[in-house]
Amino acid sequence: LIFRNAYTERLIETLTSLSGFKNVAFTTSGTEACDAALEMNYGKPYVSFEGAYHGLDYITNLVSNGTGIDSRNKIIHLKYPKYGLSDESAIDYNEKMLRQASKEFKIEGSSVIAELIQSDGGINVMTEQFARALEENLRNYNMRLIVDEVYTALGRSGEMLLFKRYGFKPDYICLGKALGAGFPLGAVLYNGEYQLYKNNLVSMQAATMFTARVALKVLSKITEERIRYVKESSKEIMNALREVDSKRIREVRGMGFMIGVDLVDSKYALRVRNKIALKGVVCTLTGADNNVLKITPPVTTPRNVLRKGISIIIDELRKG
């Protein structure tokens, strides 16, 4: 039921076909997937980004939400472009930070873990310019790349797997609970260079017959038509939000069904969130100051329900 069954085998075939990776190792969560990928380079430095979130166990917690150089644990937290921080400024800072870190410890061969759209950081979308600068750093320091797609994969970003849009060639891709529709399931996609685990399992209860069957059902729902719907709806939503005339909105940004409304302060953001919650729309607050209203509807949300929810948000934002 756990190690080998028809549903798990089909899930492996589906994931390798969709991703282009040769191998899959199953976990029970996105945290566990990120941890498993990071462990493959244990003992060497890690590079992460300010505002990142990769999980709550030991290693993933260390690389999340840090700043500067953590010399004790050999972790370098680089800047990620966001509201008020341009690509150029972030890239320049990061190059200086890497040079400084290289004077303290050997950073060649490090692992870089990155989200292509930061969630906890405030729905910060990686730009092409920043992506190319990251690739240059990977080459210069011979670093491995781990892409955390726990949030962005499976249609949420408007792509089945977002790394393909950027042209990255990661060493590992991490998937999380969306794969199992909330049931305990995650995965690490990788090629044969770095052997992970026997029987495709990181933990005993990962990808059982039941959760694998659920995942296959999930993947069957994320069709090209569904992804196209997410892309089209995303443009419609962001255009509508940007038309709201309010001095309390600093910026609307995002991709797919990962949309952030950057508001002037956390007090106002909390008020908006609570008001729309009373009308049946659930959003969370994110960003360093909890001032970004995070709009992340399920990719299967019907168009009429989606429009109704967005209209409730817009009506509240218009009140200022």
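Refer to the structure above for everything that follows.
In this report, we go over the structure that sits alongside the text. Quick caveat, the model's predicted, so the values are computed rather than measured.

Parameters and conventions
- Residues numbered from 1 in each chain as written.
- Predicted model: local features only at pLDDT ≥ 70, side-chain atom pairs only at ≥ 80, totals over all residues.
- Heavy atoms only, no water.
- Phe/Tyr/Trp six-rings, centres within 6.5 Å; stacked < 30°, edge-to-face > 60°.
- Buried < 20%, exposed > 50% of the residue type's maximum accessible area, 1.4 Å probe, protein only.
- Lys NZ or Arg CZ within 6 Å of the ring centre and 35° of its normal.
- Helix = DSSP H or I, 4+ residues; strand = E, 2+ residues; numbered from the N terminus.
- Contact = heavy atoms within 4.5 Å.
- 1 Å grid on protein atoms, 1.4 Å probe; cavity = no way out; pocket = protein on both sides within 12 Å on 5 of 7 lines; lining within 4 Å.
- Points joined across faces, edges and corners; volume = space filled by probe spheres on them.
- Patch = residues over 30% accessible without salt bridge, like charges linked within 9 Å, V, L, I, M, F, W, Y side chains within 5 Å.
- Areas by Shrake-Rupley, 256 points an atom, 1.4 Å probe, with all protein chains shown as cover.
- Salt bridge = Lys/Arg side-chain N within 4 Å of Asp/Glu carboxyl O.
- Lys, Arg positive; Asp, Glu negative; His and termini not counted.
- Charge placed at Lys NZ, Arg CZ, Asp CG, Glu CD.
- Pairing = 2+ DSSP bridges.
- Axes fitted to C-alpha atoms, helices over the stretch in contact; angles between N-to-C directions.

## Concerning the packing of aromatic side chains
Inference 1: This model, assessed by the stated rule, comprises 8 aromatic pairs.
Inference 2: Arranged with centres 6.0 Å apart and planes meeting at 20°, the rings of Tyr166 and Phe168 form a pair that is stacked. Pair check on accessibility: Tyr166 and Phe168 agree, each one buried.
Inference 3: Each residue in the set Phe49, Tyr80 and Phe130 is aromatic and connected to the rest through ring pairs, giving one cluster.
Inference 4: Cation over ring: Lys79 sits above Tyr93, and NZ or CZ is 5.1 Å from the ring centre.
Inference 5: Between the NZ or CZ atom of Arg248 and the centre of the ring of Tyr268, over which it lies, the distance is 4.6 Å.

## Concerning the side chain of His77
Inference 1: Here His77 is to be found in strand E4 (residues 75–78).
Inference 2: Residue class for His77 comes out buried when judged on its relative accessible area of 3%.
Inference 3: Apart from residues no more than four positions distant in its own chain, His77 is found in contact with Ser48, Glu50, Leu62, Val63, Gly66, Thr67 and Gly68.

## Some thoughts on the layout of surface pockets
Inference 1: Here the largest pocket is characterised by a volume of approximately 770 Å³.
Inference 2: Val150, Tyr151, Arg156, Lys177 and Ala178 are the residues nearest the centre of the largest pocket, which is lined by 31 residues in total.
Inference 3: Only helix H2 (30–39) and helix H7 (209–221) provide two or more residues apiece to the lining of the largest pocket.

## Looking at a positive patch on the surface
Inference 1: Together, Arg10, Arg213, Lys217 and Lys221 make up a positively charged patch on the protein surface.
Inference 2: A per-element tally of the positive patch places H7 first, with 3 residues.

## Let's talk about the sheet that holds E4
Inference 1: The strand order E1-E10-E9-E8-E5-E2-E4-E3 describes an open sheet built from 8 strands, whose pairing is mixed. Only two strands of the sheet have a single neighbouring strand rather than two, namely strand E1 (23–27) and strand E3 (68–70). Taking the axes of each pair of neighbouring strands and ignoring which way they run, one obtains an average angle of 20° across the sheet.
Inference 2: Inspection of the sheet shows strand E2 (residues 46–49) paired to E4 by 4 bridges, in the parallel sense. From the neighbouring strand, Val47 faces E4, where its bridge partner is Ile76.
Inference 3: Packed onto the sheet, helix H1 (residues 6–19) meets E1, strand E9 (172–175) and strand E10 (186–190) and runs at close to 125° relative to E1.

By themselves, these figures tell us nothing about what the structure is for.
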